[in-house]
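# Commentary on secondary and tertiary structure
Below are the chains, spelled out letter by letter.
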Amino acid sequence: MSPYIATACILYLIGKKRQVDFYTIAIISTLFYFLPIFFGFTWFRDGVTDIVNPITPQMDAVYSTVFFLLLLGCILNDAVLSRPFPMTFIVSRQKQLLYYSVALFAWLIFATFHWQDLIVGRKENFGSLYSVSFTSVAIALTIAITSKSIKWACVFILLALIDTYAGNRELIAFAAMVTFILIMIKRGPVQLWVYSRSMIPILVAAFTLMTYKMISAVVILQRWDLVFARLADPDFYVMSIMRSEPFVTQSLLFSAIEEGWTFNGSVFLNISIILLPFGSIFSEDVQSLSGVINQHMGYLDYGVASNFWAESYMMGGMPMVVISALVYAAAPAAFNIMFAKWRSVVIRTVVALCAITLIFFLHRAGIEYSVNIMKRFLLFALLVHCLFILMNGRAK
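Everything numeric here is computed off the predicted structure, so don't read it as measured data. (Residues numbered from 1 in each chain as written. Predicted model: local features only at pLDDT ≥ 70, side-chain atom pairs only at ≥ 80, totals over all residues. Heavy atoms only, no water.)

When helix α12 (residues 267-275) is considered as a whole, its buried residues turn out to be Val267, Asn270, Ile271, Ile273 and Ile274. For α12, the angular spread of buried residues about the axis comes to 160°, placing them on one side. For α12, the exposed residues lying more than 90 degrees away from the buried face are Phe268 and Leu275. (Buried < 20%, exposed > 50% of the residue type's maximum accessible area, 1.4 Å probe, protein only. Helix = DSSP H or I, 4+ residues; strand = E, 2+ residues; numbered from the N terminus. Arc of directions from axis to C-beta.)

Next up, the structure:
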């Protein structure tokens, strides 16, 4: 059933004349992370063994529920809440430069301590300095794109590409989605199929990010013979899709359902602790959703991402999946309202990044880590705002 509802989502998205908004991102994100439904299986690697599991009826019920409620939410939003996004931005040049300077300083501090890890792609050693660097560069890059500061945008895109080289694709993915939203909202209500030619570079870029994961290790090792050999092999591109992140993350949903994973903690307590500025101090003895997943998958010799829908199933089976899907289907409407209401480039930046975190990154990061990322965006914006007020006060 889920492939048919997913197809209905695609047809509505490209055929309906509508404003490109966060529902657009939500549907595209869900289609991407539920990609295994079109192949009928999930995949992950245990050592040298490929573990292939089928899409079960219970998994199909989860996917169908999410797609149906998301499509329903999009239709209701277009009928009742849809409004054009105002294009006038209130821009403070001084504040922009402060964001750029702080972000560049944060990245340079990170690079100073971890330049060797950057070169060889040891991202597991990046630590907390990377969190600060990622947060600051993501905000600065989005502000630069939003305010059309081409030179600064190029600087931070370069930093995002360095991050991609080291094996992290999140920063460049955030930048791509923000750019897509900002370009398309200027055109008002559109039928996306009209821009099918323009979508080709976007699809190529997305596919490049997927394939790069398969060759990043040999690129870092500078084994160019292996790089070119893989790029010349047609099977490499097929395997890049069938072994991509969605197939691994959906394996977690399969295991959660078939093995009966459960979560006995309180997700609300965990989120409350995460929202505290120094919440990690109190989280040592608290059971987390990601901790339960890592406990079950700890036998693997590599780290796995999370899966929000597996987490939902662990907390309460299909009833909790339905509740989570309802909240997920309503979230883009809330972000659309906030994005339309505020015209400040900084506030719109934070809204856009939080929206992308909650409707895209959530699929593979889980609820706890996604909330943590949004907290960092908010705290960094608040910190720079306070610094800006302090500097202006001293100047006077």
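Next comes the rest of the description.
Mapped onto the fold, Thr135 is located in helix α5 (residues 127-146). Residue classification places Thr135 among the buried positions, given a relative accessible area of 4%. What Thr135 contacts, discounting residues up to four positions off in sequence, is Arg376, Phe377 and Phe380. (Contact = heavy atoms within 4.5 Å.)

We now examine the layout of surface pockets. Roughly 410 Å³ of volume is contained in the second largest pocket. Together, 16 residues line the second largest pocket, and Ile271, Phe308, Ser324, Val327 and Ile367 are the ones closest to its centre. Where the lining of the second largest pocket is concerned, the elements lending two or more residues are α12, α14 (308-341) and α15 (345-395). Sorting elements by how many residues they give to the lining of the second largest pocket places α14 first, with eight residues. Residue composition of the lining of the second largest pocket, by class: 15 nonpolar, one polar and no charged. (1 Å grid on protein atoms, 1.4 Å probe; cavity = no way out; pocket = protein on both sides within 12 Å on 5 of 7 lines; lining within 4 Å. Points joined across faces, edges and corners; volume = space filled by probe spheres on them. Nonpolar A, V, L, I, M, F, W, Y, C, P; charged D, E, K, R; others polar.)

Taken together, the side chains of Ile10, Leu11, Ile14, Phe38, Phe39, Trp193 and Val194 present a nonpolar region at the surface, about 640 Å² in accessible area. As for its position among the elements, Val194 is in the loop between β4 (189-190) and α8 (196-220). (Patch = residues over 30% accessible without salt bridge, like charges linked within 9 Å, V, L, I, M, F, W, Y side chains within 5 Å. Areas by Shrake-Rupley, 256 points an atom, 1.4 Å probe, with all protein chains shown as cover. Salt bridge = Lys/Arg side-chain N within 4 Å of Asp/Glu carboxyl O.)

Attention now goes to the pattern of salt bridges. Within this structure, the stated rule accounts for six salt bridges. Arg18 is the partner of Asp78 in a salt bridge, and the nearest nitrogen-oxygen pair spans 2.7 Å. You can see Asp78 sitting in helix α3 (residues 57-81) and its partner Arg18 sitting in strand β1 (residues 18-19), a full 60 residues away along the chain. Assigned by exposure class, Asp78 and Arg18 land together as buried. Ionic contacts of the salt-bridge type, sharing partners, join the residues Arg169, Glu170, Glu245 and Arg364 into one network.

Moving on, we get to the nonpolar core. Within the largest apolar cluster, 123 residues are counted, with the highest numbers of intra-cluster contacts made by Ile367 and Phe377. The element best represented in this core is α15, accounting for 24 residues. Excluding anything up to four places from it in sequence, Phe377 contacts Phe134, Thr135, Ala138, Ile139, Phe174, Val350, Leu353, Cys354 and Thr357. Residues Val218, Val219, Val227 and Phe236 belong to the second largest nonpolar core, which totals six residues. (Core = buried A, V, L, I, M, F, W, Y, C linked by side-chain atoms within 4.5 Å.)

Time to look at the packing of aromatic side chains. Applying the stated criterion across every chain, the model contains 26 aromatic pairs. For the ring pair Phe236 and Tyr237, a centre distance of 5.3 Å and an interplane angle of 75° mean the geometry is edge-to-face. For Tyr237, a relative accessible area of 31% translates into the label partly exposed. The structure contains a cluster of three or more aromatic residues connected by ring pairs, namely Phe110, Phe126, Tyr130, Phe134, Phe174, Phe361, Tyr369 and Phe377. For Arg348, the ring lying beneath its charged end belongs to Phe339, and the centroid distance is 4.4 Å. (Phe/Tyr/Trp six-rings, centres within 6.5 Å; stacked < 30°, edge-to-face > 60°. Lys NZ or Arg CZ within 6 Å of the ring centre and 35° of its normal.)

Distances and angles like these do not, on their own, reveal function.
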